[in-house]
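Structural features, examined
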Amino acid sequence: MTSGAWSESIPGIGTYFVGIDVAPGRYRCDEGRGGWWVRFTGPGGGDPVGSWPLPAGPTEIEIAPTDFAFETHVGTYWRRIAPGRPREDGAAVEPRPVADPTLRAELDTLVARRRPLVWLAPLTVLGLGLVGSPALGSLWLLGLGMLAVLVALGTPSVSLDLHRARELHRRRDRYVTPEELDGPGRALLVRVQAAVDAVRDSEVNREGLLDTVDNAVTLPRQEWEIARVLARQSRLRVEQEEVAAAANLPEVDAALRPLRGKLELSVAAVTRRVEALERYAERARAADEALRAQRHLDSLAERAHEYDELVADTVRDDLALPAIERLTGQGDALVQALRERLAQAAEAAEELPPAP
């Protein structure tokens, strides 16, 4: 459910919460013919944008970190091909929602149990058609048959999505939204998610050079536990401020002082945890740089034979110098012989008798 537990693909049909079900980023489906998608953007998804019908062949979509949800209806699945792009408008980065890593599998299991009942909907419509056809005629049955097809195509996914949303709401204590955090809490969660994303999206992690299994388990758990603590800290800070503002008395301030001290200890502890994640992310970045350097070295090593051949050819050039010099000497001798013969011809020409 959280960033480390996200898979790199999205099923073709359904509605998925960004930051809880799916990671932001660029996704691609290989065949979108006749399908559609909707990105619910803005606070609470109040500004939906979408595309329908999709053309035949591959199609791509960018799911932004600020999107609320993503709804899709295509025949294949979406594959994540690139991480989300950072915002370039200068606005402050907002954290994503964070959920208990076990919540997604739990909801998927509940929805799977309900799926057979959902598919009874088109059969119910057809049953009504058969009952009413003697009195209302064949057109009634034909109309309900078409309606049954539409129900079969649309009702299962819509019903399952609604059921899943209700179950998610019932488990409100199993996820944290940015609205539950104050300024300091949001700032720390942004740092956590940036570190987790850096590790997850690193080349060394994608290529299995890090312990990807451990990352897939540990990082989501770390993010969830930190987010839950940050939400509690935020709530206590707000309560302290409200109490202090409502009763501006020295006695109240004195009573709050030890509570603030304990809260500060908690903040310091969770900050150390965040810094540890950031150090891990920095190591992943350093490992990426080392991996890129190693690839350059490997590329140079693969081309080393070209340099060896070049040197060998140069040695052969040195060995060829005597032969070339010999040819040059022969050319000089030939030129000298030609000059001598020309001189002899000239002398012979002078000894010829003059013309009568």
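Residues numbered from 1 in each chain as written. Predicted model: local features only at pLDDT ≥ 70, side-chain atom pairs only at ≥ 80, totals over all residues. Heavy atoms only, no water.

So, the UniProt feature "coiled-coil region" (unreviewed entry) in the protein
Those residues carrying the UniProt feature "coiled-coil region" (unreviewed entry) are residues 267–294 in this numbering. Annotated as 100% helix and 0% strand, the span residues 267–294 places its first and last C-alpha atoms 40 Å apart. (UniProt positions renumbered as here; feature names shortened; annotations may be inferred. Helix = DSSP H or I, 4+ residues; strand = E, 2+ residues; numbered from the N terminus.)

Looking at the packing of helix α4 (residues 183–200) against helix α7 (residues 250–302)
One way to put it is that α4 packs onto α7 with a least axis distance of 8 Å and a crossing angle of 30 degrees. Of the possible angle classes, the one that applies to α4 and α7 is roughly parallel. The interaxial crossing formed by α4 with α7 has left-handed handedness. Every residue of α7 that contacts α4 at Leu-188, Arg-191, Val-192, Ala-195, Ala-198 and Val-199 is listed here: Val-270, Thr-271, Val-274, Glu-275, Leu-277, Glu-278, Tyr-280, Ala-281, Ala-284 and Arg-285. Here the contact of α4 with α7 is composed, by residue class, of 11 nonpolar, 1 polar and 4 charged. (Axes fitted to C-alpha atoms, helices over the stretch in contact; angles between N-to-C directions. Parallel < 35°, antiparallel > 145°, perpendicular 65-115°, else oblique. Left-handed = near helix turned anticlockwise from the far one by under 90°. Contact = heavy atoms within 4.5 Å. Nonpolar A, V, L, I, M, F, W, Y, C, P; charged D, E, K, R; others polar.)

What about the sheet that holds strand β8 (residues 78–83)?
What the 4 strands build is an open sheet, ordered β1-β8-β3-β6; its pairing is antiparallel. Strand pairing shows two members of the sheet lacking a second neighbour, β1 (9–10) and β6 (59–63), which therefore form its edges. Judged from the 5 bridges that link them, strand β3 (residues 25–29) and β6 form a sheet pairing that is antiparallel. Across the sheet, residue Arg-28 finds its bridge partner in β6, namely Glu-60. (Pairing = 2+ DSSP bridges.)

Focus on α4
Here α4 spans 26 Å end to end across 18 residues, near enough to the 26 Å set by a 1.5 Å rise per residue. Where α4 is concerned, the buried positions are Gly-185, Leu-188, Leu-189, Val-192, Gln-193, Ala-195, Val-196, Asp-197, Ala-198, Val-199 and Arg-200. Packing partners of the buried residues in α4 comprise β8, β9 (98–99), α5 (203–206), α6 (212–246) and α7. Two or three places before Gly-185, at the opening of α4, Asp-182 has a side-chain oxygen 3.0 Å from that residue's backbone nitrogen. (Expected span 1.5 Å × (residues − 1). Buried < 20%, exposed > 50% of the residue type's maximum accessible area, 1.4 Å probe, protein only. Polar contact = N/O pair within 3.5 Å; in protein donor to acceptor, adjacent residues only side chain to side chain.)

What to know about the packing of aromatic side chains
Following the criterion strictly, the structure yields 2 aromatic pairs and no others. With 5.8 Å between their ring centres and 90 degrees between their planes, Phe-17 and Phe-68 make a pair best called edge-to-face. Here Phe-68 lies in the loop between β6 and β7 (69–73) and Phe-17 lies in strand β2 (residues 13–17), a separation of 51 residues in the sequence. The partly exposed category is assigned to Phe-68, whose relative accessible area is 37%. An angle of 85 degrees between the planes, with centres 5.7 Å apart, marks the rings of Phe-70 and Trp-78 as edge-to-face. Here Phe-70 matches Trp-78 in class, with each residue buried. (Phe/Tyr/Trp six-rings, centres within 6.5 Å; stacked < 30°, edge-to-face > 60°.)

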